[in-house]
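Remarks on the overall topology
Take a look at the letters that make up each chain.
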Amino acid sequence: MATHANTAALIYDWNEKERTGPLLRRAPRFVDESIRDGIQSPSVRDPSIEQKMQLVRLMDRMGVQTVNLGLPGAGKRAQEDVERLLRFIVEEKLRITTNCAARTIASDITPIIEISQRVGVPIEVMTFIGSSPIRSYAEGWDNERLKKHTLEAVKLGVENGLPVGFVTEDTTRSHPKTLDVLFRTAIDAGAGRLVLCDTCGHATPDGLRSLLNFTRGVLRSMDMEDQIELDWHGHNDRGLALALGLFAFEWGFDRVHGCGLGIGERVGNTSMDLLLLNLYLLGQLDPRRHDLSCLVEYVEAVSEYTGVPIHPSYPLAGRDAFRTATGVHAAAIIKAEKTGDHELADRVYSSVPARVFGRKQEIEIGHYSGRSNVLYWLRAHGYEATDELVDRVFNFAKLQNHTLTTDEVKAVIGA
């Protein structure tokens, strides 16, 4: 009988080495922007209403707290989709709450109010305005105009009984004097949330921390630090969106926004699925709230519905995430599997437990493979691994410049 190791005891975790307290101050909350900001990518297809409904179901299963249903100010179709999705959430008794994006103009906010009133369910108004000096220069705006639009937009939502979040676009490149004025104006008008945005993917961890400290300073000076919630909305232009999303949670943001598969304008938004994956691995998700058994299904659905392919090396859901043709890697996995300990086999060459998410380790044959790859592949596919057959496949693979397909291996076997 195989002796099963305590896999966790076999991993020295430097991630926890100098941690002196809890990783997160509170349970993490998420805003999924896949069917709003995500479909603003010029390369995506706008999913059908039925497809959007299925995505919302999956978000709800995964424990995402809030979904952005769209920007009703974009036109009749957007308004119809938002209303149908809101009614669908009510009919199916989903736990997920909703918000909608709106520019700081009445023509964007009024449709949200009207949809909410018709359905009888509150929608959080996420009203946004560009706040950086470069944007103001390009648009010909001054701070008085920004302040006026902010005041009018927030008041319109609040006076109609809706929660309002105030969104400063390009916050990470905005001047503190401008942010100070806009934050105070929005809060005085009744906004209950500030959304700090890395609209152009400019921030580094230092920038995020400095912006957060500044914002907290404004809230403290207003004696509102415990009354106003903070959201982080990131983009991936520097490739830092996921790391910044995790730092945002660790440093005390209430919610972090993201999109499935990291879709979105330019190079995309923070990846919602990778946020969830990492927080699961860090032990920060309550399994009673977050069912991640459908996490791969969610990524595959986003890909199918929007037409954005999943890169082979994309974490967890990518074709190659748990697939190897390298001899030394495959040999270690094969030896671990022979112990009968599936967790050991899952973790010996991966930090992500494939089986938890419905995936499995795959051993292929290529020019970097050893004989153990060939033996494993043949037995796994129901062939008798004779010395002659192993030699034939092994020698063929060494002459190639790629990992062999199933058809190629079968052709060698048939020869």
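Because the structure is predicted, anything quoted here is derived from the model rather than measured.

1. Describing empty space enclosed by the protein
By rolling a water-sized probe across the atoms, one finds the places where empty space is left. With the rule as written, the count across this model stands at one cavity of 30 Å³ or more. Looking at the largest cavity, its volume works out to about 40 Å³. If you go around the largest cavity, the residues you meet are Leu 24, Arg 25, Arg 26, Ala 27, Pro 28, Phe 249, Gly 252, Phe 253 and Asp 254. Counted by class, the lining of the largest cavity contains five nonpolar, one polar and three charged residues.

2. Focus on the packing of aromatic side chains
Under the defined criterion, the tally for this structure stands at six aromatic pairs. Judged by centre distance (4.7 Å) and plane angle (20 degrees), the rings of Phe 247 and Trp 251 are stacked. Residue classification places Trp 251 among the buried positions, given a relative accessible area of 16%.

3. A closer look at unusual backbone geometry
For Lys 93, which is not glycine, the phi torsion reads 55 degrees and is therefore positive. Relative to the assigned elements, Lys 93 resides in the loop between helix H2 (76-91) and strand S3 (97-103). Residues other than glycine seldom take positive phi values, yet Leu 261 does so here, at roughly 65 degrees. Note on placement: Leu 261 falls in the loop between strand S8 (255-258) and helix H9 (272-281).

4. Details of the packing of helix H6 (residues 176-188) against helix H7 (residues 205-221)
Across the interface, H6 lies against H7 with an axial gap of 11 Å and an inter-helix angle of 45 degrees. Considering the angle they form, H6 stands oblique to H7. Like other packed secondary-structure pairs, H6 and H7 cross with a definite hand, here right-handed. When H6 is examined against H7, the residues Pro 176, Leu 179, Asp 180, Phe 183, Arg 184 and Ile 187 are found in contact with a partner set consisting of Leu 211, Phe 214, Thr 215, Val 218, Leu 219 and Ser 221. Class assignment of the residues belonging to the contact of H6 with H7 gives a composition of eight nonpolar, two polar and two charged.

5. Some thoughts on the pattern of salt bridges
Applying the stated criterion across every chain yields a total of 37 salt bridges. Of the charged contacts, one joins Lys 52 and Asp 46 as a salt bridge, the two residues approaching to 3.1 Å between their closest N and O atoms. Looking at Asp 46, the relative accessible area reads 31%, which means it is partly exposed. When the shortest N-O distance is used, the salt bridge between Arg 193 and Asp 231 registers 2.9 Å. Of this pair, Arg 193 sits in strand S6 (residues 193-198) while Asp 231 sits in strand S7 (residues 229-234), and the two are 38 residues apart along the sequence. For Arg 193, a relative accessible area of 9% gives the class buried. Assessed through its relative accessible area of 0%, Asp 231 is described here as buried. It is possible to trace a salt-bridge network through shared partners that takes in Arg 26, Arg 29, Glu 124, Arg 193, Glu 229, Asp 231, Asp 254 and Arg 255.

6. Some remarks on helix H11 (residues 327-338)
Between its terminal C-alpha atoms H11 stretches 16 Å, which fits the 16 Å expected from twelve residues at 1.5 Å a residue. Taken residue by residue, H11 has Gly 327, Ala 330, Ala 331, Ile 333, Ile 334 and Ala 336 as its buried positions. Residues of H11 that are buried sit in contact with strand S9 (323-324), helix H12 (342-347), strand S10 (362-363) and helix H13 (371-380). Where H11 terminates, the next one or two residues include Gly 340, which has phi positive at roughly 85 degrees.

7. A look at the pairing of strand S1 (residues 29-32)
Two elements, S1 and S8, share four bridges in a ladder whose sense is parallel. Among the inter-strand pairings, Arg 29 is bridged to a residue of S8, identified as Arg 255. Bridge count for S1 against strand S2 (residues 66-68) is two bridges, and the pairing is parallel. Within S2, the position partnered with Val 31 by the bridge is Thr 66. Since S1 and S2 lie parallel, the crossover through helix H1 (residues 49-62) that links them has a hand, and here it is right-handed.

8. Some words on the nonpolar core
Counting 93 residues, the largest nonpolar core has Phe 30, Phe 166, Trp 232, Leu 276, Leu 295 and Tyr 298 as the members making the most contacts within it. The contacts of Leu 295, once residues within four sequence positions are left out, are Met 62, Asp 273, Leu 276, Leu 277, Leu 316 and Phe 357. Grouped together as the second largest cluster of nonpolar side chains are 14 residues, Leu 389, Val 393, Val 409 and Val 412 included.

9. Brief notes about the packing of helix H8 (residues 241-250) against H9
For the pair H8 and H9, the least separation of the axes is 10 Å and the interaxial angle reads 55 degrees. Taken together, the axes of H8 and H9 lie oblique to each other. In the packing of H8 onto H9, the handedness of the crossing is right-handed. Touching Leu 242, Gly 245, Leu 246 and Phe 249 of H8 are Leu 274, Leu 275, Asn 278 and Leu 279, all from H9. Looking at the contact of H8 with H9 residue by residue, the classes come out as six nonpolar, two polar and no charged.

10. Focus: the environment of Ser 34
Relative to the helices and strands, Ser 34 resides in the loop between S1 and H1. With a relative accessible area of 3%, Ser 34 lands in the buried category. Ser 34 sits 40 residues away from Ala 74 along the chain, and the two C-alpha atoms are 16 Å apart. Reaching out from Ser 34, the side chain makes a polar contact with the backbone nitrogen of Gly 260 at a distance of 2.8 Å.

About the criteria used
Residues numbered from 1 in each chain as written. Predicted model: local features only at pLDDT ≥ 70, side-chain atom pairs only at ≥ 80, totals over all residues. Heavy atoms only, no water. 1 Å grid on protein atoms, 1.4 Å probe; cavity = no way out; pocket = protein on both sides within 12 Å on 5 of 7 lines; lining within 4 Å. Points joined across faces, edges and corners; volume = space filled by probe spheres on them. Nonpolar A, V, L, I, M, F, W, Y, C, P; charged D, E, K, R; others polar. Phe/Tyr/Trp six-rings, centres within 6.5 Å; stacked < 30°, edge-to-face > 60°. Buried < 20%, exposed > 50% of the residue type's maximum accessible area, 1.4 Å probe, protein only. Helix = DSSP H or I, 4+ residues; strand = E, 2+ residues; numbered from the N terminus. Axes fitted to C-alpha atoms, helices over the stretch in contact; angles between N-to-C directions. Parallel < 35°, antiparallel > 145°, perpendicular 65-115°, else oblique. Left-handed = near helix turned anticlockwise from the far one by under 90°. Contact = heavy atoms within 4.5 Å. Salt bridge = Lys/Arg side-chain N within 4 Å of Asp/Glu carboxyl O. Expected span 1.5 Å × (residues − 1). Pairing = 2+ DSSP bridges. Right-handed = clockwise from strand over helix to strand, strands pointing away. Core = buried A, V, L, I, M, F, W, Y, C linked by side-chain atoms within 4.5 Å. Polar contact = N/O pair within 3.5 Å; in protein donor to acceptor, adjacent residues only side chain to side chain.

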